[in-house]
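Commentary on secondary and tertiary structure
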Amino acid sequence: MQNIKVVPEGDSGLLIQFEQVISPAINQRIAAIVKLIRAQQISGIIDMIPTYCSLLINYNPQAISYKELHHRIESIVKMDTKTESITKKVYEIPTCYGGKYGPDLKNIAEHAGLSEEEVIRIHSSSDYLIYMLGFLPGFTYLGGLDERIHTPRLANPRVLIPAGSVGIGGSQTGIYPVDSPGGWQLMGMTPVKTYDPNRAEPILVQAGDYIRFVPVSEEEYLAIEKQVADGTYTVTIHEGEG
């Protein structure tokens, strides 16, 4: 991949800039570089934050100079990252669609000219790539929503959307990880906590992973909700070569 730049970002950040397009290939390249940097165990790196087209590295300038870090990162960027060998992780997210769990499912179906059942089938038939996290803790920016169910945001956003709500906003779909205002059309809800500050790893997924929405009945939803509250529920994860 050409035209990758490594530039300073403030007094304690370094930014790797990739081609300015949104694509799975660039996302895989970013994920591969993150993996290589972690393998190098570079002293002084505090955090790495991937976005659609870049990777921000926060570091401690007292532990490593910008010049040294820049040199090491440029060397890593030039390596053969073998993106084809990256392990693909798909998280199954049980979702109860429609009714009180998805009050806007009817709106989405009417806008698409489809039945509610068809919308559910389309929405749950794809594995969605997590390009980046942001906006709220654990909020996932997902790629891959079928164009047939692209739906405009609400004209009047809601003051409060409960955590776990699954919605569509334009060409994107996603999960609200915490209670929040928002304007997305709500089609369902999951009892799984994609963000839980009490967990050892508060955020369930990472950029580069995939989410698969799995339709469940209200009875199944309530059973899983109880397991989540009891700490006995384990999210199903499929792993394979990406």
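A brief structural summary. (Residues numbered from 1 in each chain as written. Predicted model: local features only at pLDDT ≥ 70, side-chain atom pairs only at ≥ 80, totals over all residues. Heavy atoms only, no water.)

Okay, helix α4 (residues 116-123) next. Of all the positions in α4, only Val119, Ile120, Ile122 and His123 are classed as buried. Seen from one end, α4 has its buried residues packed into an arc of 165°, which puts them on one side. (Buried < 20%, exposed > 50% of the residue type's maximum accessible area, 1.4 Å probe, protein only. Helix = DSSP H or I, 4+ residues; strand = E, 2+ residues; numbered from the N terminus. Arc of directions from axis to C-beta.)

With that out of the way, let us pick up the environment of Ser125. In this structure, Ser125 sits in the loop between α4 and β6 (127-133). Given a relative accessible area of 53%, Ser125 falls into the exposed group. Among the polar contacts listed, one links the side chain of Ser125 to the backbone oxygen of Ile122, at a separation of 2.8 Å. (Polar contact = N/O pair within 3.5 Å; in protein donor to acceptor, adjacent residues only side chain to side chain.)

For the rest of this paragraph, the subject is the packing of aromatic side chains. Aromatic rings in a pair are described by how distant their centres are and how their planes are angled relative to each other. For the structure on display, the rule yields eight aromatic pairs. Ring centres of Phe139 and Tyr176 lie 6.1 Å apart, and the angle between their planes is 75°; this geometry places the pair in the edge-to-face category. Linking Phe139 in the loop between β6 and β7 (140-143) with Tyr176 in the loop between β10 (172-175) and β11 (180-182), this pair joins segments that are 37 residues apart in sequence. Just as Phe139 is buried, Tyr176 falls in that class too. Taking the centre distance of 6.1 Å and the plane angle of 80° together, the rings of Tyr176 and Trp184 count as edge-to-face. (Phe/Tyr/Trp six-rings, centres within 6.5 Å; stacked < 30°, edge-to-face > 60°.)

One open sheet accounts for four strands, arranged β1-β2-β4-β3; its pairing is antiparallel. Two strands close off the open sheet at either side, each with one partner strand: β1 (5-8) and β3 (45-50). Neighbour to neighbour, the strand axes of the sheet diverge by 20° on average, direction disregarded. Pairing of β3 with strand β4 (residues 54-59) involves five bridges; the strand directions are antiparallel. Residue pairing across strands places Asp47 opposite Asn58, the latter belonging to β4. (Pairing = 2+ DSSP bridges. Axes fitted to C-alpha atoms, helices over the stretch in contact; angles between N-to-C directions.)

Before going further, it helps to spend a moment on helix α5 (residues 218-230). Here α5 contains 13 residues, and its C-alpha end-to-end distance of 18 Å stays within 8% of the 18 Å for a straight helix at 1.5 Å per residue. Immediately beyond the C-terminal end of α5, within one or two residues, lies Gly231, with a positive phi of roughly 80°. (Expected span 1.5 Å × (residues − 1).)

Moving on, we come to the environment of Val228. Tracing the backbone shows Val228 in helix α5. Separated by 212 residues in sequence, Val228 and Ile16 have C-alpha atoms that sit 38 Å apart. Among all residues touching Val228, those that are not within four sequence positions of it are Pro191, Val192, Lys193 and Tyr233. (Contact = heavy atoms within 4.5 Å.)

Turning our eyes to something else, we now look at unusual backbone geometry. Backbone geometry places Gln41, a non-glycine residue, at a positive phi of 50°. When you line up the elements, Gln41 lands in the loop between α1 (24-40) and β3. Under the relative-accessibility criterion, Gln41 is labelled exposed at 68%.

Once that is clear, we can look at the pattern of salt bridges. When their charged atoms lie close together, side chains carrying opposite charge are able to pair. In this structure the tally under the stated criterion is seven salt bridges. The shortest N-O distance in the salt bridge between Arg212 and Asp127 comes to 2.7 Å. Taken as a pair, Arg212 in strand β13 (residues 210-215) and Asp127 in strand β6 lie far apart in primary sequence, 85 residues in all. Under the relative-accessibility criterion, Arg212 is labelled partly exposed at 25%. Here the salt bridges share partners, and the residues they tie into one network are Lys88, Glu92, Asp127 and Arg212. (Salt bridge = Lys/Arg side-chain N within 4 Å of Asp/Glu carboxyl O.)

With that out of the way, let us pick up the nonpolar core. Ile93, Val119, Met187, Leu204, Ile211 and Phe213 are the most contacted members of the largest nonpolar core, which has 24 residues in total. Breaking this core down by element, the ones donating at least two residues are β5 (87-97), α3 (105-112), α4, β6, β9 (165-169) and β13. The residues touching Leu204, leaving out its near neighbours within four places in the chain, are Tyr91, Ile93, Val192, Lys193, Thr194, Arg199 and Val235. Ile30, Val34, Met48 and Ile64 belong to the second-largest nonpolar core, a separate cluster that totals 19 residues. (Core = buried A, V, L, I, M, F, W, Y, C linked by side-chain atoms within 4.5 Å.)

Tracing the chain through its elements places Asn27 in helix α1. With near-sequence residues (within four places) excluded, Asn27 lies in contact with Leu129, Ile130, Tyr131 and Gly208.

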